[in-house]
Amino acid sequence: MSTPKAQLEILPRGIQVVLAVGALALAAFPLVPMESSGFYLQMLSQMMILAIFAMSLDLLQGVTGLVSLGHAAYFGLAGYALAFLTPADTPISLWWSLPLAALASGLAALIIGFFVVRTHGIYFIMVTMAFAQMVFFLFFDNRDLGGSDGLYVNFRPDASLFGWSGIDLDNKTTFYYFTLLVMLAVYAFLRRLLFSPFGRALAGIRVNEHRMRAVGYGTFGYRLTAFTLAGALAGVAGYLWAAQTGYVNPELMGFHLSAHAIMMVILGGMGNFAGAIVGAFAFEYVMHFFKDLTKHWQLLMGSFIVLVVVFAPRGLLGLAERLFRRRDPP
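Residues numbered from 1 in each chain as written. Predicted model: local features only at pLDDT ≥ 70, side-chain atom pairs only at ≥ 80, totals over all residues. Heavy atoms only, no water.

1. Some points on the layout of surface pockets
Think of a ball as big as a water molecule: rolled over the atoms, this probe shows where empty space is left. Its boundaries defined by the atoms lining it, the largest pocket holds a volume of some 540 Å³. Around the largest pocket, the lining is made up of 22 residues, and of these V18, L19, G22, I277 and V278 lie nearest the centre. Looking at the lining of the largest pocket, the elements with two or more residues in it are α2 (13-28), α7 (172-194), α12 (274-293) and α14 (315-327). The greatest single-element share of the lining of the largest pocket, amounting to seven residues, is contributed by α2. Taken together, the residues of the lining of the largest pocket break down into 19 nonpolar, two polar and one charged. A volume near 470 Å³ is recorded for the second largest pocket. In terms of lining residues, the second largest pocket is bounded by 21 residues, among which H256, L257, H260, E284 and M287 are the most central. Looking at the lining of the second largest pocket, the elements that each hand over two or more residues are α3 (37-64), α6 (122-140), α11 (255-268) and α12. (1 Å grid on protein atoms, 1.4 Å probe; cavity = no way out; pocket = protein on both sides within 12 Å on 5 of 7 lines; lining within 4 Å. Points joined across faces, edges and corners; volume = space filled by probe spheres on them. Helix = DSSP H or I, 4+ residues; strand = E, 2+ residues; numbered from the N terminus. Nonpolar A, V, L, I, M, F, W, Y, C, P; charged D, E, K, R; others polar.)

This is the structure:
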């Protein structure tokens, strides 16, 4: 089966070098002495968590061609799972609560996906948003689930293993490095998945689902698997978010966070996961910059997104690829 080149092309060497330098810079950042370093560590940790969330959506939007306006539901569900699992007087083990929270999000995505992946186009978008709103109001209107006030996570997960407590997630630097490792692991996993037969089938479904079905592929199963996996990975991000902030509320499942994730993917560039990381960092940085600049930051943010879409339709990473490929010899 021939696979769409745009989905599986290898990034130019220059882009690979820039991404590697960026990863090294993130690894070295905690070593830089600076005032208020705890604030910047937390901010970068949140950016990396949102990068994981954006990559999970990119698996749907950029690879499979499924635009979901309800992806934040699985992000928030994992955060609530951590809040419910954590006892009131002691931390919970990271090594079983993280897989369990991701499994809960994946299971919810499997159940919802069983219905929504049967639809296409604008109907898929609207049905995903409808299911997400149902989940949102389930928690928003139910006091037993925290209601509109949300829930507190009193302790960060305990990362001790076989009695060895060398990993203390209460330490901001340790949590930062753990988040960085998770982000890189998710990226490596998704890149490997992209070049696997499963990833090639998803790319084919994105381009022409009818042709894929005609040659014998069960497209419903592939789409449902991608939807479930994307939900589980969004749950990983939601778990880390709840562990860092110590608080969850229904807004984590709301439409706005799903829309932000879509803009991150579009801003960075779809279909290769590196763009999702670039988009998450760029979106959060520009948003904080505009917030500090004026109270009308939404107007500036919207104008920035429009300019990127018009002049760089393949996102910031696509623009950089075009510049690097011009420099490469034919």
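2. Re unusual backbone geometry
Here F273, not a glycine, exhibits a phi torsion of approximately 70°, which is positive. Tracing the backbone through its elements, the reader meets F273 in the loop between α11 and α12. A residue is classified by how much of its surface remains accessible, and F273, at 1% relative accessible area, is buried. (Buried < 20%, exposed > 50% of the residue type's maximum accessible area, 1.4 Å probe, protein only.)

3. A word on the pattern of salt bridges
Should their charged atoms come close, side chains of opposite charge can pair. For the structure on display, the rule yields two salt bridges. Of the charged contacts in the structure, one is a salt bridge between R213 and E209, with a shortest N-O distance of 3.0 Å. Of the two residues, R213 and E209 both sit in helix α9 (residues 209-214), four residues apart, roughly one turn of that helix. In this structure R213 comes out as partly exposed when scored by relative accessible area, which is 40%. (Salt bridge = Lys/Arg side-chain N within 4 Å of Asp/Glu carboxyl O.)

4. Thoughts on the nonpolar core
Note that soluble globular proteins tend to have their nonpolar side chains buried in a common cluster. Membership of the largest hydrophobic core comes to 96 residues, with the highest contact counts inside it found for M55, M183 and F281. The element contributing the most residues to this core is α3, with 16 residues. Those residues in contact with M55 that sit more than four places away from it in its chain are M183, V186, Y187, L190, F273, A276 and I277. (Core = buried A, V, L, I, M, F, W, Y, C linked by side-chain atoms within 4.5 Å. Contact = heavy atoms within 4.5 Å.)

5. Details of the packing of α11 against helix α13 (residues 297-311)
It is at 9 Å that the axes of α11 and α13 come closest, and there the two elements cross at 40°. Considered as vectors, α11 and α13 are oriented oblique to each other. α13 is crossed by α11, and the crossing has left-handed handedness. Across the interface between the two elements, M263, I266 and L267 from α11 touch F304, I305, V308 and V309 from α13. (Axes fitted to C-alpha atoms, helices over the stretch in contact; angles between N-to-C directions. Parallel < 35°, antiparallel > 145°, perpendicular 65-115°, else oblique. Left-handed = near helix turned anticlockwise from the far one by under 90°.)

6. Considerations on the packing of aromatic side chains
Taken as a whole and judged by the stated rule, the model has 19 aromatic pairs. Centroid distance F114 to F220: 6.0 Å. Interplanar angle 80°. Geometry classified as edge-to-face. Here the residue F114 occupies a position in helix α5 (residues 94-116), and F220 occupies one in helix α10 (residues 219-245), the gap between them amounting to 106 residues. Residue classification places F114 among the partly exposed residues on the basis of a relative accessible area of 39%. A relative accessible area of 30% means that F220 is categorised as partly exposed. Between Y176 and Y177 the ring centres are 5.7 Å apart and the planes differ by 80°, which places this aromatic pair in the edge-to-face class. Under the relative-accessibility criterion, Y176 is labelled buried at 0%. (Phe/Tyr/Trp six-rings, centres within 6.5 Å; stacked < 30°, edge-to-face > 60°.)

7. Brief notes about the packing of helix α4 (residues 72-85) against α10
Running from N to C, α4 and α10 point in directions that differ by 50°, and their axes come no closer than 6 Å. One way to sum up the angle between α4 and α10 is to call them oblique. α10 is crossed by α4, and the crossing has right-handed handedness. Contact with α4, carried on its side by Y74, F75, A78, G79 and L82, involves F227, G231, A234, G235, A237, G238, Y239, W241, A242 and A243 of α10 and no other residues of that element. Classifying every residue of the contact of α4 with α10 by side-chain character gives 11 nonpolar, four polar and no charged.

8. Some details on the confidence of the model for the protein chain
On average, the protein chain scores 89 in pLDDT, and the residues at 70 or more come to 93%. Within the protein chain, helix α1 (residues 5-8) has the poorest average pLDDT of any element, 42, and α10 the best, 96. Scored below 50 in pLDDT, residues 1-8 shows 19 contacts in the model against residues more than four places distant or in partner chains. (pLDDT = per-residue confidence, 0-100.)

9. Some words on α11
With 14 residues, α11 should cover 20 Å at 1.5 Å per step; its first-to-last C-alpha distance of 20 Å lies within 8% of that length. Of the positions making up α11, those classed as buried are L257, S258, A259, A261, I262, M264, V265, L267 and G268. Looking at the residues trailing α11, positive phi occurs at G269, about 120°. (Expected span 1.5 Å × (residues − 1).)

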